[in-house]
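The chain contents come next:
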Amino acid sequence: MSLTLDLSRTTATPSAAPVNLSGLTRAELRQALIDAGVCPPEKAKMRASQVWSWIHHYGVTDFAAMSNVAKDMQAKLAEAFTLARPEIVERQVSKDGTRKWLIRTAPGIEIETVYIPDVGRAGALCVSSQVGCTLNCTFCHTGTQKLVRNLTAAEIVAQVQIARDDLGEWPSPKEDRCLSNIVFMGMGEPLYNLDHVSNAIDIISDNEGIAISRRRITVSTSGVVPKIAELGERTQTMLAISLHATNDPLRDVLVPLNKKYPLEQLMAAIRAYPGLSNARRVTFEYVMLKGVNDSPEEARALMKLIEGIPAKINLIPFNPWPGVEYECSDWKTIERFAAILNKAGYASPIRTPRGRDILAACGQLKSESEKVRASALRKAGVEGGEAEAA
Ligand code: SAH
Ligand code: SF4
């Protein structure tokens, strides 16, 4: 199988040619087939359905494998489009079974994707939405990596395809899957790339393809308030909020975006998230930082803050990375914090760190891609470019 994705330019705006069909929604795929003269408009729906199934159900990377598509049409497809996977630069497997891939989608553009077994129904894939992050949460490794380019829908879908290749999950199994859940908790702030994230979700949730239900897809945000309702309306996915503090002065330090969208606004947006119910709860992520946010008073303040919201809580033991000054709370302190939440009815809120030995745990992802200045990002229209200076 070829492992090159030809996105030949390294500027902040990804090159569009040749188009990788894996990143097109059904409607876009239909239109692309018409525009490239592959088939006439009246046949486009049927052809798009065939091609869709080969790409997203069978996982093929070669048009010649599409056996119900005529040879001359295969040739036209191959001329106009690509299905090549990006290059896998490195693959690591942790002693706990966690797998991490470093993926190069274009020269100088590297992203990380992590598969964690025994999470969710069977196993969860943690995907990246940007290269680096424009936000600077002080405890997050990704936040120290300044280059940001929004990933295209094709680059987001490719992460799922690569995991599926590795797990041997083609054709797309209906049951007994290893990869059952997707979490947008890798590199980047997904709500600063909502168009591409939303298209990628349309693709990976489609029933005649990868077919991961929207209820098994979780999008985590540090709190981009104006985009939260839109996320719910466009994707119907589960919401996760990186809360980490229960008062503005502390959250301003840990998650500097809080200065722009303080807790009161954030909590109002969460309460208004479409489709919230006891069966569809918000996940609050709370990183346990020694002596910073881990006191019993803060556990009680957390309860008060989220009162009345259908919620799950994930206490994340802080994962250290080279050069960071925070430390992870002691285990006893985490347990004491969790006990207060347990008493209030939140079951098993501690998230066991996974893949720490290969730097695959939450907040440890960081590739070696180079810095692009915030001003260049703004010029290139990357949302959140302004937030880097915050
Ligand atoms: N940008 C999004 C999604 C990616 S981060 C967001 O912030 O929500 C995924 C989760 O890992 C977030 O809750 C983030 O706060 C947390 N995290 C970041 N660095 C961490 C670290 N060093 N240890 C533990 N969790 C961390
Ligand atoms: Fe970006 Fe999320 Fe890391 Fe904050 S925690 S710097 S928003 S990736």
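Just so you know, these numbers come straight off a predicted model, no measurement behind them.

The rules behind the values
- Residues numbered from 1 in each chain as written.
- Chains lettered and ligands numbered in written order.
- Predicted model: local features only at pLDDT ≥ 70, side-chain atom pairs only at ≥ 80, totals over all residues.
- Heavy atoms only, no water.
- Helix = DSSP H or I, 4+ residues; strand = E, 2+ residues; numbered from the N terminus.
- Buried < 20%, exposed > 50% of the residue type's maximum accessible area, 1.4 Å probe, protein only.
- Areas by Shrake-Rupley, 256 points an atom, 1.4 Å probe, with all protein chains shown as cover.
- Expected span 1.5 Å × (residues − 1).
- Contact = heavy atoms within 4.5 Å.
- Salt bridge = Lys/Arg side-chain N within 4 Å of Asp/Glu carboxyl O.
- Pairing = 2+ DSSP bridges.
- Right-handed = clockwise from strand over helix to strand, strands pointing away.

Digging into the overall build of the protein
Here comes step 1: For the protein, the count of helices and strands is eleven helices and 13 strands.
Here comes step 2: Counting all 390 residues of the protein, 58% fall into the buried class.
Here comes step 3: Of the accessible surface of the protein, which amounts to about 16,300 Å², a share of 51% is contributed by carbon and sulfur atoms.

So, helix α5 (residues 194–205)
Here comes step 1: Taking 1.5 Å of rise per residue, twelve residues should cover 16 Å, and α5 covers 16 Å from first to last C-alpha, within 8% of that figure.
Here comes step 2: Taking burial as the measure, the twelve residues of α5 include nine buried ones, the bulk of the element.
Here comes step 3: Looking at α5, one finds that the buried residues are L194, V197, S198, N199, A200, I201, I203, I204 and S205.
Here comes step 4: Next to the buried residues of α5 lie α1 (26–35), α2 (41–57), α4 (153–167), β9 (181–184), β10 (217–221) and α6 (225–235).

A closer look at the pattern of salt bridges
Here comes step 1: The final tally for this structure, using the stated rule, is 17 salt bridges.
Here comes step 2: Notably, a salt bridge pairs K100 with E112, separated by 3.3 Å at the nearest N-O pair. Note that K100 is positioned in strand β4 (residues 99–106) and E112 in strand β5 (residues 109–117), a separation of twelve residues in sequence.
Here comes step 3: According to the relative accessible area criterion, K100 is buried, its value standing at 6%.
Here comes step 4: On the accessibility criterion, E112 (6% relative accessible area) is buried.
Here comes step 5: One salt bridge connects R164 with E169, and the closest N-O pair in it is separated by 3.9 Å.
Here comes step 6: Classification of R164 by relative accessible area gives buried; the value is 0%.
Here comes step 7: Taking relative accessible area as the criterion, E169 reaches 5% and is therefore assigned buried.
Here comes step 8: Salt bridges sharing partners connect three or more residues here, namely D195, K227, E230 and R234.

Examining the pairing of strand β11 (residues 238–242)
Here comes step 1: Counting buried positions along β11 yields five of five residues, so the element is predominantly enclosed.
Here comes step 2: Burial along β11 is two-sided: the face carrying M238, A240 and S242 and the face carrying L239 and I241 are both buried.
Here comes step 3: Both β10 and β11 contribute to a ladder of four bridges, which runs parallel. By the bridge assignment for β11, T218 is matched with M238.
Here comes step 4: Handedness of the crossover joining β10 and β11 through α6 is recorded here as right-handed.
Here comes step 5: Here β11 pairs with strand β12 (residues 282–288) via three bridges, running parallel. In the sheet register, S242 faces β12, and the bridge partner there is E285.

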